[in-house]
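The chain contents come next:
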Amino acid sequence: MASTSGSKSGSIPPAEDRMDVDTETLDTGRASNKNAAAAPAPRVRASSMPLTLRESAYQVGYVYSSKMMAHSCVHGHCEQPERISRIFDILNQSGCLEKMKRLPIRRVLREEALLVHSQALWDKVLALHSLTDQDIADSEAYYNDLSLYVHPNTPYAAQLSAGGVIEASLAVARGEVKRAFAIVRPPGHHAEPDEHMGFCFFNNVSIAAKVVQMRSALKRILILDWDVHHGNGTQRAFYDDPSVLYISLHRYEGGNFYPNGPFGSMSSCGEGPGLGYSVNIPWPEKGMGDAEYILAFQKVVMPIALEFSPDLVIISAGFDAAEGDDLGECHVSPAGYAHMTHMLSSLAGGKLVVALEGGYCLDAIAASALAVTRVVLGEMPPQLPPLTASEAATETIWQVSMEQSKYWKNMDPKVCEPMEELEQIAISLPELLKAHRQAYLFKTHGMLEVPLMSAALVERFNTQVACTSDIMDNDTLIVFAHEFGNLSVELDSVMYCNVRQEHSYLVDCSKELLTWAKAKGYAVLDVNVFPKPFPKSKLKHTDDYGAAVMVYLWDNYVQLTSARRVVLVGHGPGCKAIMGLIQQRAASVMKSVEGVVQVVGLHTIPTTPSNTMSLRQWYFENSIVVVPSNHPIFQDSKALKKHGSIFRIDEEKPIKLIIRAMPGIQGFIEQKFSPLSANSNGDAKGHV
């Protein structure tokens, strides 16, 4: 990206390995104070006030320098210089700065940076000072791939940013102030030991943590990263270090949100002696707000932090999860940030450092920083309205708790002991459910197990496929693909995973459909598509399982029967299996299948075939989809047009969804199997 200066001669000189202190004044926070002579006379000191009382009364400090604004992009960029000046201005205007001690800011020393980074990265960043406008233009594509822009003043600003966080942290560690706010840029948490990336050049917080450990008595440090992006660089810096606990709340979306990849997943927990000291709370979707973040703090962050008992807390305070930030697309309010800060202030005897990371909406970053600063100054956070976290966030937090319960006693729920330790006397719950279902289907409905000849499918689906005894002769057939059902259990205690059996039960949605089909005289092929693969499976991808067994059954059984009128019904994970069959056997499916039913949950987008126009048209004319009334598909006009009939039901839980939809599903099947049916949904639409 191009430079704002005409040549390198107008830039700030390169850094040397010395501790030069910035001498900017408080009144403007930008250039030297030209109006010092016009400053008001100091207030008269009361005779009872000691000379040193005013200075020692400061409990909170801050670092800031407008020289960090020299790192800029001539094309404009969301990581803009005004990010720090807007925060400085609002803190000044609100009267916060007059209650805070201005701490000296300096450039990071080479030996400090090398506590985290390689010599090669240090040299690479400092070399940016020599870039000309043409150099910057020629290298723009390279730096765009790293999500960076560069300027001849970038090294100076990056060194000041890292040095500022060091000085703020040391001031707290040495007891000069209780808490501090480092208003710095460029940010740092994406910078890895050997690479700069994601708007970051040096990892400010990681370097500061290392320096504090080296130069003070504080050794156990908690880094809480609430930036909307995962702090890959910070986690990597301490991945095998048990003295630093790194906790991150971030958008993850299966590794498809920046910085991408699996490193920010909930199972990325550290290695070696650092195992368990990396805690990721990876949001599966955008839109998280106060309710979700506060719940994560209550259920994961604070229990683990209390058990860790840090000597110092450093917040990697990115404000890009704030309401109004278009990059983060989340909804955390200033009050939400205030409450999170207040909870963290209760740790480490109140020793807290807030270090600015991301945040790209100037109004949001200013308001959020002000709310955090007021709490840092000792004010109580404002009251929040009643909050209810989303289902996606609640499930994510529960899964993180399960993962982290391997390492932290404060986590609830607990994971079970590894089955391998009791393998000789244990049997897995899926095997018990298989045996129960096989016995139930035979005893109640006279259904028989369908043998599978493929070794991979036997290993995966043995005893999970059954059919009625008339499957070879009946001309009507319902193929029902589903999962085990919903097993609702109540634990006997908080500390152990023992089940209170009398209060636990299995909800099996197939019972009603099987009983009805038997009464109507329809043949049934029941396929239990258990969604979690066994470790020994030979299939390459999880998505292969359901489609593989459905195609096998279609080729080796359904096609050999007398059934020429077939309806495919998918529930939950069974929907993907059904659609996989349609995709892979399009010609024969269109010839024999009269209708397709998909019943999907709130967070699953129903799929459509994509092979040919004729297949898409056939599916459109012969399918119904049942979804919760608030399903996101209703916000996607393109997806809506691909499905023939979509019915909304005021129920989010998949098991209850199919129960409430069952009368409509039965009506649809009856209409398709009626002698007068002409491949039209007809009156069946009104039943759902």
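Residues numbered from 1 in each chain as written. Predicted model: local features only at pLDDT ≥ 70, side-chain atom pairs only at ≥ 80, totals over all residues. Heavy atoms only, no water.

How do you make sense of the overall build of the protein chain when you look at a structure like this?
If you tally the helices and strands in the protein chain, you get 22 helices and 18 strands. The buried share of the protein chain, taken over its 688 residues, is 54%. Considering only contacts in the protein chain between residues 6 or more positions apart, those separated by 24 or more positions represent 76%. About 29900 Å² of surface is accessible on the protein chain, with carbon and sulfur atoms providing 54% of the total. (Helix = DSSP H or I, 4+ residues; strand = E, 2+ residues; numbered from the N terminus. Buried < 20%, exposed > 50% of the residue type's maximum accessible area, 1.4 Å probe, protein only. Contact = heavy atoms within 4.5 Å. Areas by Shrake-Rupley, 256 points an atom, 1.4 Å probe, with all protein chains shown as cover.)

Could you clarify how one ought to interpret a positive patch on the surface in this entry?
On the surface, a cluster of positive charge is contributed by Arg616, Lys638, Lys641 and Lys642. In terms of residue count, helix α21 (residues 637-642) provides more of the positive patch than any other element does, three residues in total. With respect to the helices and strands, the residue lysine 642 is situated in helix α21. Judged by relative accessible area, which is 48%, lysine 642 ranks as partly exposed. (Patch = residues over 30% accessible without salt bridge, like charges linked within 9 Å, V, L, I, M, F, W, Y side chains within 5 Å. Salt bridge = Lys/Arg side-chain N within 4 Å of Asp/Glu carboxyl O. Lys, Arg positive; Asp, Glu negative; His and termini not counted. Charge placed at Lys NZ, Arg CZ, Asp CG, Glu CD.)

Before we go on, may I ask you to explain the sheet that holds strand β8 (residues 352-356) in this structure?
Consider a sheet: its strands pair through backbone hydrogen bonds, and that pairing is either parallel or antiparallel. Ordered in space as β2-β1-β3-β8-β7-β4-β5-β6, the eight strands form an open sheet in which the pairing is parallel. Because the sheet does not close on itself, it has two edges, and the strands there are β2 (101-102) and β6 (278-283). In this sheet, strand β3 (residues 179-182) lies alongside strand β1 (residues 60-63) in parallel orientation, the contact comprising four bridges. Paired with tyrosine 62 across the bridge in β3 is phenylalanine 181. Packing of helix α2 (residues 82-93) onto the sheet brings it into contact with β1, β2, β3 and β8, and relative to β8 it is tilted by some 130°. (Pairing = 2+ DSSP bridges. Axes fitted to C-alpha atoms, helices over the stretch in contact; angles between N-to-C directions.)

Could you clarify how one ought to interpret a negative patch on the surface in this entry?
On the surface, Glu391, Glu395, Asp650 and Glu652 cluster together into a negatively charged patch. Aspartate 650 sits in the exposed class, given a relative accessible area of 61%.

Got a minute to help me understand the nonpolar core in this structure?
Across soluble globular proteins, nonpolar side chains show a tendency to be buried alongside one another. Core analysis: the largest hydrophobic core is formed by 121 residues, its most contacted members being Trp226 and Leu344. At twelve residues, the largest contribution of residues to this core is made by helix α10 (residues 290-308). Not counting the four nearest positions on each side in its chain, leucine 344 is found in contact with Leu222, Leu224, Trp226, Phe297, Val301, Met302, Val313 and Ile315. Of all hydrophobic cores here, the second largest spans 44 residues; its members include Val465, Val551, Ala577 and Ala639. (Core = buried A, V, L, I, M, F, W, Y, C linked by side-chain atoms within 4.5 Å.)

Please explain the pattern of salt bridges as it appears in this structure.
Side chains that differ in sign of charge can pair as their charged atoms come close. Under the criterion given, the structure shown has 18 salt bridges. Across the salt bridge formed by arginine 185 and glutamate 79, the nearest N and O atoms sit 2.8 Å from each other. On the criterion of sequence distance, the pair formed by arginine 185 in the loop between β3 and α8 (204-215) and glutamate 79 in the loop between β1 and α2 is long-range, its members being 106 residues apart. What makes arginine 185 buried here is its relative accessible area of 0%. Via salt bridges that share partners, Arg106, Glu112, Glu167 and Arg215 belong to a single interconnected network.

Could you clarify how one ought to interpret the pairing of strand β16 (residues 593-599) in this entry?
Each regular strand carries side chains that alternate between the two faces of the sheet. With respect to burial, β16 is a largely interior element, seven of its seven residues being buried. Alignment of strand β15 (residues 565-571) against β16, held across six bridges, turns out to be parallel. Bridge assignment links valine 566 to a residue of β16, and that residue is valine 593. Examined bridge by bridge, β16 and strand β17 (residues 623-628) share four bridges and lie parallel to one another. Looking at the pairing, valine 596 lines up with serine 623 of β17.

Before we go on, may I ask you to explain the confidence of the model for the protein chain in this structure?
Looking at the protein chain, pLDDT values average 87 and 86% of them are 70 or higher. Under a pLDDT of 50 for its full length, residues 25-40 has, in the predicted model, 22 contacts with residues more than four places off or in other chains. Low pLDDT, under 50, characterises residues 531-543; the predicted model gives this stretch 20 contacts beyond four residues in sequence or across chains. (pLDDT = per-residue confidence, 0-100.)

Is there a simple way to think about the side chain of serine 161 in this case?
On the secondary structure map, serine 161 appears in helix α7 (residues 154-173). When near neighbours in sequence (up to four residues on either side) are disregarded, serine 161 contacts Met68, Val184, Arg185, Pro186 and Asn204.

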